[in-house]
Amino acid sequence: MDEVTFLLRLLIDRWPSAAVALASRGDILAAHGETPEFVDVRSIEPKKGRRIDADSKGILVVFEDSSSTSYPTIDYAVRNEVFGFTIHIRVLHRRDMPTNTYSRDRLQAQYRITRYILEKNSLRPTVYVGGGTSGTIEDSAEIIKLNSRSDSNDRGKKLLGYKLSVEMKRFGRNT
């Protein structure tokens, strides 16, 4: 499984339980915990990866920025890999929202859910065959962490957003 798919599956598989956990703690409103449209920009499926309707729910786009490999042994028998990702969380502000801060609150909730998933799975994140949170392991990594967050707003299009920088490390992979 490639790294972008790994990160997408980690977020998709754990989104519902993370939203329920944060809503039950009172950190987010249950209405803002809706599952966004997950987008892999490399997808060639029809109506995926190009234009997305953001009216009904948020959009979460994942793509890989960088990758580096090091070989800690003399004979190059083992490699360590470090991957850098950007996650865009986007929410469209519509005039028919109940309040002027509804879209901002929804963006904040989606950020908190994403951060919750990454923090709870920071050490040895695992993706399972068929989705879910248990079963046969399909792929794993050693460390995944959220490095930074920056605003990514477009007032003209009424799009609110965050750009998250995420780093994933895999150690001791056989060559």
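Residues numbered from 1 in each chain as written. Predicted model: local features only at pLDDT ≥ 70, side-chain atom pairs only at ≥ 80, totals over all residues. Heavy atoms only, no water.

Q: Hey, could you run me through the layout of surface pockets in this one?
A: Leftover empty space is mapped by rolling, across the atoms, a probe with the size of a water molecule. Approximately 200 Å³ is the volume attributed to the second largest pocket. Lining the second largest pocket are His 93, Asn 100, Thr 101, Ser 103, Arg 104, Asn 153, Asp 154, Arg 155, Lys 158, Leu 159 and Leu 160. Counting only elements with at least two residues in the lining of the second largest pocket, the list comes to helix H2 (102-120) and strand E7 (159-174). Each residue belonging to the lining of the second largest pocket can be placed in one class, and the counts come to two nonpolar, five polar and four charged. (1 Å grid on protein atoms, 1.4 Å probe; cavity = no way out; pocket = protein on both sides within 12 Å on 5 of 7 lines; lining within 4 Å. Points joined across faces, edges and corners; volume = space filled by probe spheres on them. Helix = DSSP H or I, 4+ residues; strand = E, 2+ residues; numbered from the N terminus. Nonpolar A, V, L, I, M, F, W, Y, C, P; charged D, E, K, R; others polar.)

Q: Please explain a nonpolar patch on the surface as it appears in this structure.
A: On the surface, Leu 123, Ile 143 and Phe 171 cluster together into a nonpolar patch covering about 280 Å² of accessible area. Tracing the backbone through its elements, the reader meets Phe 171 in strand E7. (Patch = residues over 30% accessible without salt bridge, like charges linked within 9 Å, V, L, I, M, F, W, Y side chains within 5 Å. Areas by Shrake-Rupley, 256 points an atom, 1.4 Å probe, with all protein chains shown as cover. Salt bridge = Lys/Arg side-chain N within 4 Å of Asp/Glu carboxyl O.)

Q: What is the right way to look at the pattern of salt bridges in this model?
A: Taken as a whole, this structure holds nine salt bridges when the rule is applied. Taking the shortest distance from any N to any O, the salt bridge between Glu 3 and Arg 170 comes out at 3.1 Å. Here Glu 3, found in helix H1 (residues 3-25), pairs with Arg 170, found in strand E7; they are 167 residues apart in sequence, far enough to count as distant. Both residues of the pair, Glu 3 and Arg 170, belong to the buried class. The salt bridge partner of Glu 34 is Arg 106, with a shortest N-O separation of 3.2 Å. Of this pair, Glu 34 sits in the loop between H1 and strand E1 (37-40) while Arg 106 sits in helix H2, placing them 72 residues apart in sequence. A relative accessible area of 25% means that Glu 34 is categorised as partly exposed. Residue classification places Arg 106 among the buried residues on the basis of a relative accessible area of 3%. The structure contains a network of salt bridges with shared partners spanning Glu 3, Asp 139 and Arg 170. (Buried < 20%, exposed > 50% of the residue type's maximum accessible area, 1.4 Å probe, protein only.)

Q: Explanation requested: the nonpolar core in the structure shown.
A: Where a protein is soluble and globular, its nonpolar side chains tend to be buried together. With 33 residues, the main nonpolar core has Leu 7, Leu 11, Leu 60, Val 62, Ile 87 and Ile 113 as its most contacted residues. Breaking this core down by element, the ones donating at least two residues are H1, strand E2 (59-70), strand E3 (78-92), H2 and E7. Excluding residues that lie within four positions of it along the chain, Leu 11 makes contacts with Phe 38, Leu 60, Val 62, Ile 87, Thr 114 and Ile 117. (Core = buried A, V, L, I, M, F, W, Y, C linked by side-chain atoms within 4.5 Å. Contact = heavy atoms within 4.5 Å.)

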